[in-house]
Amino acid sequence: MTIKIDGKFVEFFTAGSINLKLDSIASTFEFAARFNAQNLEHQVMLKPLQYKDVEIFNAKNKLIFTGTILNHRFRSNKGRELVIISGYSKCGILEDVTIPVSAYPLESTNRSLEDIATKLCNLYGIKLAISDQSKSISDTALIFDKRNSDKSTFKHLKSKVKAIFGRTVASPTESIKDYLAKLAGQKNIILSHNEKGEVLLFQPDYDQKPKYFFTKGNSLSMSADFNGQALHSEINIIRQPTDDNEGISISDKVVNPLVNKYRATTKVLTCGEESDTTYAAKNELASELKAITLNVELQGLFDEIYPGEIVNVHNHYIYCYAYNRFMVESITLKFNEKEDATSLNLLVPEAFTGGPLIRNILFNHLDEDDHTNVHLNEYKNEYLNDKTIL
C-alpha cells in the first residue's frame, strides 16, 4: 500500500485504516506518519489546516481512495515523533457546507437531479458521476464487459436522474449532501462516491454475480444481527394532496415477506411527482432492511472488494443455512507493522434496491425450498442446501 499527499509519496507511515461506505459521500481514512520537525519537506507536507489531497493505492498500484486531510494529531515523546492524519473522501466536504448565499435562490423549478447535483457540486470543485456498472462504486474495480452489461439498469438509472422535479427547496442551513440525499432518496437512487472522490449517483445491480464466497472456515469470525423492532410487514407511502394532484392516486404500498406478522406503518412524501410514491415506497423498505446486518472479519487486506458488490455467506451458526447473497455496505481495511485485517459490513441487496422481490434469507433445513437460484449460480450450484457446510 502506498500513500500520496498532494502528489508526493509519504515515505514512512505505520498503522492506519480506510473505511469505505456505499451509502455515503464521506468514507474515512487515518494513518500515522513519521514527522521530522527539521525536515522542510515534512513542514510543507504535514502542515495543518491546508486540506491537502490524499491518494491511497493498493499493492497493485491501483487507486482505491482519494480524500482530503482534515485532522492532524502531533505526538512527541522519548521515542519516535509521529503525526496521526485523518480525513474523509474528497467529496465529503459537501457534508460540512451549505449552499452559499452567492448561489441563491434556494428554490429549483423544473430541474432534474442531475442538473441540481451538478450545479451544487461544482460550487466546491467536486465532479458528479453516474454509475454505468451497477456493480460497484469503483470505476476500476471490475472489468466492464459491454457485451454482457445490463444496459437496461443503466438506462433506467439515467431516466430517473434526468426526471424533472416540479419544485424543490433547500433550507439555508441544510448541508448540500443532505439536500441531494433527500432528492436522490425519492428516486430510490444511492448517493455515494467513487475512488476518485467524485459524487456518484448509483443504483446497485440486484442480480449481479457474487465476487467472493465466505464460510465459517475461511473467515476469522462472523456475526448477524436482526432488529425486529425496526421492520414492518407493510409500508404505505402517501403524497401530500395539492390542487395539482386532486383526483389522482397519491399512495403506494410495499410488503416485506420476511415479516410474517402484521406490522404496518405509513410515511408521507413531502415533495415530488405522483410516480415518485413508488420509488419512495421502495426506498423506505430498503431503509428498513438495513436492520438486518452481517459482519465478516478476515485476515489480510481484501482491497479489491468494493461497497456495492455481492458476496455469498454460508454459516449455520449465524442462521445462514444456505449461500445467501449479501451486498457490501462498508469495508474497513486495517494495516500496521505486524498484521493486516479486513472487516466487511454486509446487508441484504434489497436494502439498497427495495426489490423487486425480497429473497428468503431465513431459509432453514426444514423448508421445502431447496434455495436454488439457477440464474445466479455462475460457477457451480453454491446455493444448494448443503448441510455439511457450516
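Residue numbers restart at each chain and count upward from 1, following the sequence in its written direction. For a predicted model such as this one, the threshold for reporting local features is a pLDDT of at least 70, and the threshold for listing and counting side-chain atom pairs is 80 or more; totals across whole chains, interfaces and linings nevertheless cover every residue. Side-chain descriptors were evaluated using all non-hydrogen atoms of the structure, hydrogens and water having been removed beforehand.

Chemist: Would you mind going over the overall build of the protein with me for this structure?
Modeler: Numbering of helices and strands runs from the N terminus; a helix is a DSSP stretch of H or I covering at least four residues, while a strand is a stretch of E covering at least two. Across its full length, the protein holds 6 helices and 21 strands. Relative accessibility thresholds used throughout: buried, under 20% of the residue-type maximum; exposed, over 50%; partly exposed, between the two (1.4 Å probe, protein chains only). Expressed as a percentage of its 390 residues, the buried residues of the protein come to 49%. By definition in these notes, contact holds between two residues if any of their heavy atoms fall within 4.5 Å. The long-range share in the protein, meaning contacts at least 24 apart out of those at least 6 apart in sequence, stands at 71%. Accessibility throughout is a Shrake-Rupley quantity obtained with a 1.4 Å probe, and a residue counts as covered only by protein chains that appear here. Of the accessible surface of the protein, which amounts to about 19100 Å², a share of 49% is contributed by carbon and sulfur atoms.

Chemist: Teacher, can you tell me more about unusual backbone geometry here?
Modeler: Cis rather than trans, the peptide bond between Y104 and P105 has omega equal to 15°. Take P105: it is sitting in the loop between β7 (82–89) and β8 (107–112). At D6, a position not held by glycine, the phi torsion is positive, near 50°. Note that D6 resides in the loop between β1 (2–5) and β2 (8–9). Residues other than glycine seldom take positive phi values, yet N61 does so here, at roughly 65°. Given the relative accessible area of 56%, N61 is considered exposed.

Chemist: Sorry if this is basic, but what is going on with the confidence of the model for the protein here?
Modeler: Detailed reading of the predicted coordinates is not advisable wherever pLDDT falls low. The pLDDT score gives, residue by residue, the confidence of the prediction method on a 0 to 100 scale. Looking at the protein, the pLDDT average stands at 86 and 85% of residues meet or exceed 70. Here helix α3 (residues 151–162) is the element of the protein with the lowest mean pLDDT, 80, and strand β14 (residues 221–226) is the one with the highest, 98. Per-residue pLDDT stays below 50 along residues 141–149; that stretch engages in 14 contacts with residues further than four places along the chain or on separate chains.

Chemist: For this particular structure, what's the right way to read the pattern of salt bridges?
Modeler: Once their charged atoms are close, side chains differing in charge can pair, the charge on each being opposite to the other. The salt bridge criterion pairs a side-chain nitrogen of Lys or Arg with a carboxyl oxygen of Asp or Glu, the two atoms within 4 Å. Applying the stated criterion across every chain, the model contains 8 salt bridges. Between D6 and K52 there is a salt bridge, and its shortest N-O distance comes to 3.4 Å. Here D6, found in the loop between β1 and β2, pairs with K52, found in the loop between α1 (40–45) and β5 (53–57); they are 46 residues apart in sequence, far enough to count as distant. Two residues, K253 and E234, come together in a salt bridge whose shortest N-O distance is 3.9 Å. With a gap of 19 residues between them, K253 in strand β16 (residues 251–255) and E234 in strand β15 (residues 234–239) connect regions that are remote in the sequence. The exposure class of E234 is buried, given its relative accessible area of 16%.

Chemist: Help me out: how do you make sense of the sheet that holds strand β11 (residues 190–193) in this one?
Modeler: Sheet strands pair by backbone hydrogen bonding; their relative direction is either parallel or antiparallel. In short, DSSP must find at least two bridges between two strands for them to pair. Strand order across the open sheet formed by 3 strands is β9-β12-β11, with mixed pairing between neighbours. Each edge of the open sheet carries a strand with a single partner, namely β9 (128–130) and β11. The sheet shows a mean angle of 30° between the axes of neighbouring strands, taken without regard to direction. Geometry is summarised by axes, namely lines fitted to C-alpha atoms with helices restricted to the contacting stretch, and by angles between N-to-C directions that run from 0 to 180 degrees. With respect to the sheet, helix α2 (residues 113–122) is in contact with β9 and β12 (199–202), its orientation differing from that of β9 by roughly 150°.

Chemist: Got a minute to help me understand the environment of G16 in this structure?
Modeler: Relative to the helices and strands, G16 resides in strand β3 (residues 13–21). For G16, a relative accessible area of 15% translates into the label buried. For the pair G16 and S86, spaced 70 residues apart in sequence, the C-alpha separation works out to 9.2 Å. Setting aside chain neighbours within four positions, we find G16 in contact with E30, F31, L333, K334 and F335.

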